[in-house]
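Examination of the molecular architecture
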Amino acid sequence: MGTSYSVLGLRLDSEVPLPELPVWTGDGTGDGAGPADVTVRLGSPALRAIPFVSGAEADVAADGTVRVEGNGVGTFLVRNGSEILVDARTPVADPALRAYVLGSALAVICHQRGVLPLHAAALASPRGIILLVGESGAGKSTLSAALTARGLGLVAEDLAPLSWTDEARPPLALPSVPRLKLSPEALRRHGHAPDTLPELPGSGGKRALHLPLAPAGEVVAVCHLHKAVPGDEPHLEPMDGMAVLASLQRNVLHWPTALDLGRGPAVFRRLALLSRQVPHRCLRRLEGLNRLEETAALVLRLAEGGA
């Protein structure tokens, strides 16, 4: 069916074109002829009759199927951690429709598969993965652009999926969508022509910069992005305890849906593990681009094992 893509280290077969994802090239263990791990299919009337209970972000059925309403572009049913059903009300190539598949629907897939979807950027350094955690507008994409320009690899942005195969070790950050959402000013600063890049719907004029996908890796540090107060300098300061847990919980994608799925205790356990397993720093950054390189230098020092 459709095209096979790679995401979360899985094969995703989709009837909806998803050019934001790399094409699946096989896992090296066979000819790739087996079934996909996740499928994206266009609507099925049989599933629309499922009774749902209303939730805060999505509706959840007794069997764990989740329905996400896509703000006029479509309805998305997600079930078993392996299927996304799209009832499209716009053309399937609509960027807004794809944004729901690669955002909300993929975050629900993560919860159903026991993977933690954080609202974060994941950047690959020689030591391992640095996570930049922050709510919308915190500057994750702009800082990620500066860091990738200085040699770090992009593993994920916006949705950073974390998976524990051994709870004695920090989690792996799995690859998701290798795309940065940047303002024209930020793009020009890094030598890109904004007019040659697709505009993202509902983003206030931001453009999509697609980068080569870096492989999964173990998380070695987490930076929690906050704006510096006027007159302050960009700096890192230690974080621990409840401050870390509160920041992490705020940045779990589809947290209310995880609760409705009965995943709350498991998610909180993973947040507690992450809070203890790697160092956490509050990164105070100034708004705008004038001090961006100084802020990036702080993260690079942390990536190299510094404070």
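Below or above, wherever it landed, is the structure these notes cover. Quick caveat, the model's predicted, so the values are computed rather than measured.

**Brief notes about the overall build of the protein chain**
Along the backbone of the protein chain there are eight helices and 17 strands. Relative to the 2.2 N^0.38 estimate, which gives 19 Å for 307 residues, the radius of gyration of the protein chain is 19 Å and therefore close to what a compact globule would have. Considered along the principal axes of its C-alpha atoms, the protein chain spans approximately 60 × 45 × 40 Å. Looking at the protein chain residue by residue over its 307 residues, the buried ones come to 53%.

**Describing the sheet that holds strand 2 (residues 10-14)**
With mixed pairing, the seven strands of this open sheet are ordered in space as 1-2-3-7-6-5-4. Of all strands in the sheet, those with a lone pairing partner are strand 1 (3-7) and strand 4 (59-60), marking the two edges. On the sheet, helix 2 (residues 95-112) packs against strand 1, strand 3 (38-42), strand 5 (66-69), strand 6 (74-79) and strand 7 (83-88) and is oriented at approximately 20° with respect to strand 6.

**Observations regarding the packing of helix 3 (residues 140-149) against helix 8 (residues 292-303)**
For the pair helix 3 and helix 8, interaxial distance at closest approach is 9 Å and the crossing angle is 70°. Considering the angle they form, helix 3 stands roughly perpendicular to helix 8. Mapping the contact onto sequence places Thr-142, Leu-143, Ala-146 and Leu-147 in helix 3 and Leu-292, Glu-293, Thr-295, Ala-296, Val-299 and Leu-300 in helix 8. Residues belonging to the contact of helix 3 with helix 8 are distributed by class as follows: seven nonpolar, two polar and one charged.

**As for the nonpolar core**
One finds Leu-8, Leu-18, Ile-84 and Val-86 to be the most contacted residues of the largest nonpolar core, which totals 33 residues. Ranked by the residues each element gives to this core, the list is headed by helix 2, at 10 residues. Here Leu-8 is in contact with Leu-106, Ile-109, Cys-110, Pro-161, Leu-174 and Pro-175, once residues within four sequence places are set aside.

**Focus: the pattern of salt bridges**
The full count for this structure, using the stated rule, is 16 salt bridges. Glu-69 serves as the salt-bridge partner of Arg-89, at 3.5 Å between the closest nitrogen and oxygen. Placement of Arg-89 in the loop between strand 7 and helix 2 and of Glu-69 in strand 5 is noted, with a sequence separation of 20 residues between them. Here Arg-150 ties to Glu-293 by a salt bridge, and the two come within 3.5 Å at their closest N and O atoms.

**So, the layout of surface pockets**
Computed from the structure, the largest pocket encloses a volume of approximately 1,200 Å³. What lines the largest pocket is a set of 47 residues, and nearest its centre among them are Ser-136, Glu-157, Asp-158, Lys-181 and Ser-203. Mapped onto the lining of the largest pocket, the elements with two or more residues apiece are helix 2, helix 3, strand 13 (179-182), helix 4 (184-189) and strand 14 (207-210). Broken down by element, the residue count for the lining of the largest pocket peaks at nine residues, all from helix 2.

**Some words on empty space enclosed by the protein**
Scanning the model with the defined rule gives one cavity of 30 Å³ or more in all. By volume, the largest cavity is sized at about 60 Å³. For the largest cavity, the full set of lining residues is His-111, Gly-114, Val-115, Leu-116, Pro-117, Arg-263, Ala-266, Val-267 and Arg-270. Elements supplying a minimum of two residues to the lining of the largest cavity: strand 8 (116-125) and helix 7 (264-277). Considering every element that reaches the lining of the largest cavity, the biggest residue donor is helix 7, with three residues. Class assignment for the residues of the lining of the largest cavity results in five nonpolar, two polar and two charged.

**Description of the packing of aromatic side chains**
One pass over the structure, following the stated rule, counts one aromatic pair. On the numbers, 5.5 Å between centres and 15° between planes, the contact of Phe-76 with Tyr-100 is stacked. Taken together, the residues span a long stretch of sequence, with Phe-76 in strand 6 and Tyr-100 in helix 2 at a distance of 24 residues.

Thresholds, definitions, all that
- Residues numbered from 1 in each chain as written.
- Predicted model: local features only at pLDDT ≥ 70, side-chain atom pairs only at ≥ 80, totals over all residues.
- Heavy atoms only, no water.
- Helix = DSSP H or I, 4+ residues; strand = E, 2+ residues; numbered from the N terminus.
- Rg over C-alpha atoms; globule rule 2.2 N^0.38 Å.
- Buried < 20%, exposed > 50% of the residue type's maximum accessible area, 1.4 Å probe, protein only.
- Pairing = 2+ DSSP bridges.
- Contact = heavy atoms within 4.5 Å.
- Axes fitted to C-alpha atoms, helices over the stretch in contact; angles between N-to-C directions.
- Parallel < 35°, antiparallel > 145°, perpendicular 65-115°, else oblique.
- Nonpolar A, V, L, I, M, F, W, Y, C, P; charged D, E, K, R; others polar.
- Core = buried A, V, L, I, M, F, W, Y, C linked by side-chain atoms within 4.5 Å.
- Salt bridge = Lys/Arg side-chain N within 4 Å of Asp/Glu carboxyl O.
- 1 Å grid on protein atoms, 1.4 Å probe; cavity = no way out; pocket = protein on both sides within 12 Å on 5 of 7 lines; lining within 4 Å.
- Points joined across faces, edges and corners; volume = space filled by probe spheres on them.
- Phe/Tyr/Trp six-rings, centres within 6.5 Å; stacked < 30°, edge-to-face > 60°.

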